[in-house]
Amino acid sequence: MNIYEEHGWKMEPSRNGFGRALADLAERHPELVVIGADLTESTRASYFSEKFPDRFFNAGIAEQNGVGMAAGFALAGKIAVFSTYGVFAAGRAYDQIRTTVCYSNLNVKIGGAHGGISVGPDGATHQALEEIAAMRVLPRMTLLVPADAEETYKATVAAIEEIEGPVYIRFGRAPVPTITDKDTPFEVGRARLVKDGKDLTIIACGAMVAESILAAEILEKDGISAQILDLHTIKPIDEDAIVKAAQETGAILTVEEHQIHGGMGSAVAEVVVRTNPVPMEFVGVQDRFGESGQPEELLRAFGLDYQSIAQKAKKLLKRKK
Amino acid sequence: MLDEKTRERFSEIARRIRFDIIKMTYHAGSGHPGGSLSIADILTVLYFKYLRHKPENPNWEERDIVILSKGHACPALYAVLAEAGYYPREEMWTLRKFGSRLQGHPAKDKGLPGIEVSTGSLGQGLSIAVGAAMAFKYMDNSDRRVYAILGDGEMQEGQIWEAIMAAGHYHLDNLVAIVDNNNLQIDGFVPDVMNIHPLPDKFRSFNWEPIEADGHDLDAIDDAFAKALEIRGKPAALIFHTIKGRGVSYMENEAQWHGKAPNRELALRAVQDLGFPAEALDRDIV
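Residues numbered from 1 in each chain as written. Chains lettered and ligands numbered in written order. Predicted model: local features only at pLDDT ≥ 70, side-chain atom pairs only at ≥ 80, totals over all residues. Heavy atoms only, no water.

Caption draft 1: The packing of aromatic side chains, seen in detail. By the definition in use, this model includes 15 aromatic pairs over all chains. A centroid spacing of 5.8 Å and a plane angle of 40° characterise the contact between Trp161 of chain B and Phe206 of chain B, whose relative ring orientation is tilted. Within this pair, whereas Trp161 of chain B is found in helix H6 (residues 158-169), its partner Phe206 of chain B is found in the loop between helix H8 (199-205) and strand S6 (209-214), the two being separated by 45 residues in sequence. Taken together, the aromatic side chains of Phe57 and Phe73 of chain A together with Tyr138 and Tyr170 of chain B make up a single cluster linked through ring pairs. Taking NZ or CZ as reference, Arg288 of chain A lies 3.9 Å from the ring centre of Phe302 of chain A, over its face. Sitting over the ring of Phe276 of chain B, Arg15 of chain B keeps its end group 4.5 Å from the ring centre. (Phe/Tyr/Trp six-rings, centres within 6.5 Å; stacked < 30°, edge-to-face > 60°. Helix = DSSP H or I, 4+ residues; strand = E, 2+ residues; numbered from the N terminus. Lys NZ or Arg CZ within 6 Å of the ring centre and 35° of its normal.)

Caption draft 2: Just the sheet that holds strand S13 (residues 252-259) of chain A, in detail. Residues and elements named next belong to chain A. As summarised here, the arrangement of the 5 strands in space is S9-S11-S10-S13-S14, forming an open sheet in which the pairing is mixed. Where the open sheet ends on each side, the last strands, each with one partner, are strand S9 (192-195) and strand S14 (280-285). Averaged over all neighbouring strand pairs, the angle between strand axes comes to 25°, with direction disregarded. (Pairing = 2+ DSSP bridges. Axes fitted to C-alpha atoms, helices over the stretch in contact; angles between N-to-C directions.)

Caption draft 3: Looking closely at the pattern of salt bridges. Throughout the structure, instances matching the rule amount to 36 salt bridges over all chains. When the shortest N-O distance is used, the salt bridge between Arg20 of chain A and Glu12 of chain A registers 2.8 Å. Of the charged contacts in the structure, one is a salt bridge between Arg16 of chain B and Glu83 of chain B, with a shortest N-O distance of 2.6 Å. One end of the pair, Arg16 of chain B, is in helix H1 (residues 4-28); the other, Glu83 of chain B, is in helix H4 (residues 74-84), with 67 residues separating them in the sequence. (Salt bridge = Lys/Arg side-chain N within 4 Å of Asp/Glu carboxyl O.)

Caption draft 4: Seen up close, the packing of H1 of chain B against H4 of chain B. All names here are of chain B. Between H1 and H4, whose axes approach to 9 Å, the crossing angle comes to 125°. Regarding the angle of H1 to H4, the classification is oblique. Considering only the axes of H1 and H4, their crossing is right-handed. Between H1, through Ile13, Arg16, Ile17, Asp20, Ile21, Met24 and Thr25, and H4, the contact on the second element is made entirely by Pro75, Ala76, Tyr78, Ala79, Val80 and Glu83. For the contact of H1 with H4, the per-class residue count stands at 9 nonpolar, 1 polar and 3 charged. (Parallel < 35°, antiparallel > 145°, perpendicular 65-115°, else oblique. Left-handed = near helix turned anticlockwise from the far one by under 90°. Contact = heavy atoms within 4.5 Å. Nonpolar A, V, L, I, M, F, W, Y, C, P; charged D, E, K, R; others polar.)

Caption draft 5: Focus on the interface of chain A and chain B. In this assembly, 25 residues from chain A lie in contact with 27 residues from chain B. When chain A packs against chain B, the two sides together hide about 2100 Å² of surface, and 59% of this comes from carbon and sulfur. Ranking the residues of chain A by area buried against chain B places Asn65, Leu75 and Tyr103 of chain A at the top, with a combined share of 28%. Run the count over chain A and chain B and you get 2 salt bridges. Residue Arg140 of chain A pairs with Asp109 of chain B through a salt bridge whose shortest N-O separation is 2.5 Å. When contributions to the side of chain A that touches chain B are tallied by element, the ones reaching two or more residues are strand S3 (56-58), helix H5 (63-75) and helix H7 (94-103) of chain A. Top contributing element to the side of chain A that touches chain B by residue count: H5 of chain A, with 9 residues. (Buried area = accessible area lost by both parts, 1.4 Å probe.)

Caption draft 6: Molecular detail of the nonpolar core. Core analysis: the largest hydrophobic core is formed by 85 residues, its most contacted members being Ile35 and Ile252 of chain A together with Leu126, Met155 and Leu175 of chain B. Per-element tally for this core: the top contributor is helix H5 (residues 125-139) of chain B, with 9 residues. Two domains each donate at least three residues to this core, and these are domain 1 (10-177) and domain 2 (192-317) of chain A. Beyond its immediate stretch of four places on either side in the chain, Ile35 of chain A contacts Phe56, Phe57, Ala59, Gly66, Met69, Ala70, Phe73, Ala80, Val81, Phe82 and Ser83 of chain A. In this structure, Ala40, Tyr47, Ile115 and Ala224 of chain B belong to the second largest nonpolar core, which totals 68 residues. (Core = buried A, V, L, I, M, F, W, Y, C linked by side-chain atoms within 4.5 Å. Buried < 20%, exposed > 50% of the residue type's maximum accessible area, 1.4 Å probe, protein only. Domains from an automatic or database assignment.)

Caption draft 7: Summary view of helix H3 (residues 40-50) of chain B. By the criterion of burial, H3 of chain B is predominantly enclosed, with 9 of the 11 residues buried. Here H3 of chain B has its buried residues at Ala40, Asp41, Ile42, Leu43, Thr44, Val45, Leu46, Tyr47 and Tyr50 of chain B.

What follows is the structure, given as structure tokens:
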């Protein structure tokens, strides 16, 4: 039994939430189509394609064309979802997402699977660690990084039912703790308060929210009270929540399964320096490529596990006035 | 084959489009006249005979879609749209100016009627056309068609071949790719820079029907479109042999006129070449 299960959390890959949402949404949205790029089962687009084979189209291993096809479907009035691994979507097809989708403001949703180091054994080529930076600088893009399968379900529903225009949803491969349930509120652009605290705020996204909850428990034992925000929407960013966190706790630690440069932490810092400067630290991948290994050992090796987060938090508190 | 009256009318329209291209780029001080002039005749036949559209209702739900994948040739597209009545002619002279709906490359978000999608980063338009054609054919059960206009140099982009593969795979007989084979790109002749030929063989092997024609012979263009619409079970590739800079003597077959506007003296010469009076160059310019 691992630490997560000891905690009583059910483990499930967030990609399952993406697939389940697509299958459910298809029932009520006849205009919903999904375009895949040969990774149908792995991205969980298969949950949709098995139920609605007539509305699933494979682009083959050709992501640039896949994004273009999705754009064409959107131009024809459909809601088009394109799904593949994050490195191939946000990296390989970057200009297609920028110019064809965002510049034209088309109703295309990108399901970016295999985000983060926790992809595991496949190694660096398949571990997307740069998409948050790449996607959040695109005008008109909404960028969602949900914390677990349940939240990924809600993010996918919101992307399709609430947002007219480009959305990128980042989710992961490995089973991660399910820390939310059906009734947990989810609002695009509104950070979710996971836990109250007064000494610092940990702002996390994706599977790092659960890791931060464990970190906060360690800190609690040392008498440190950490507030936790689940920043599932990187763009548009919840400025109010960040300003409030800075004002109330006076220190901010960001935690993400992504390069420290340009990612969620940078997005938070942009708000903090402009509004209410407080000491900050960044937990993330330190300007290096990933490698093969089991998700948990990689999180430890790259300083993304709960113990590393707790250590970083203590280091940060020394700088707090 | 066109009847005599139509041929004459189309020839006049194409001549006006060429004049508008020169006038627009001259007053903009920049732009891409060469590859715009090469598609003037093709666009004339497409917009005034084959395209099912309603300029007064540009979002008409049954319309065919045109995607100018070689977005830099937008002066030609802007001219044909004005000619068809999509927007007032005088707006043409705002090309490339701050605040204009006529951006340096087509911009959907600026709202010029008739611009379906933003293009300009080469290689992307055919994929969009493929997606739209799939939506019409496989979801809407509609006979709406999609036309994508490609440059020959643009066919060096890998994404074009991904799209060609997909269109053949999905039997998109409601898709027509129009290749402006003017044989020139910025760095020189296409076969010297990076050869893309033989195009008909390549299209055929990807399950397309290639049709070659002279892109400046209005009857030949007409026949090519007519043939394309008869094809069932696969997409049609109209490979039009054209001359970059066609209609302006000093621009013809000169790579340097890919992305450069004429100065006043040369603009006046072009106007003369096209049979317009010199004063037409400045008419309605504020």
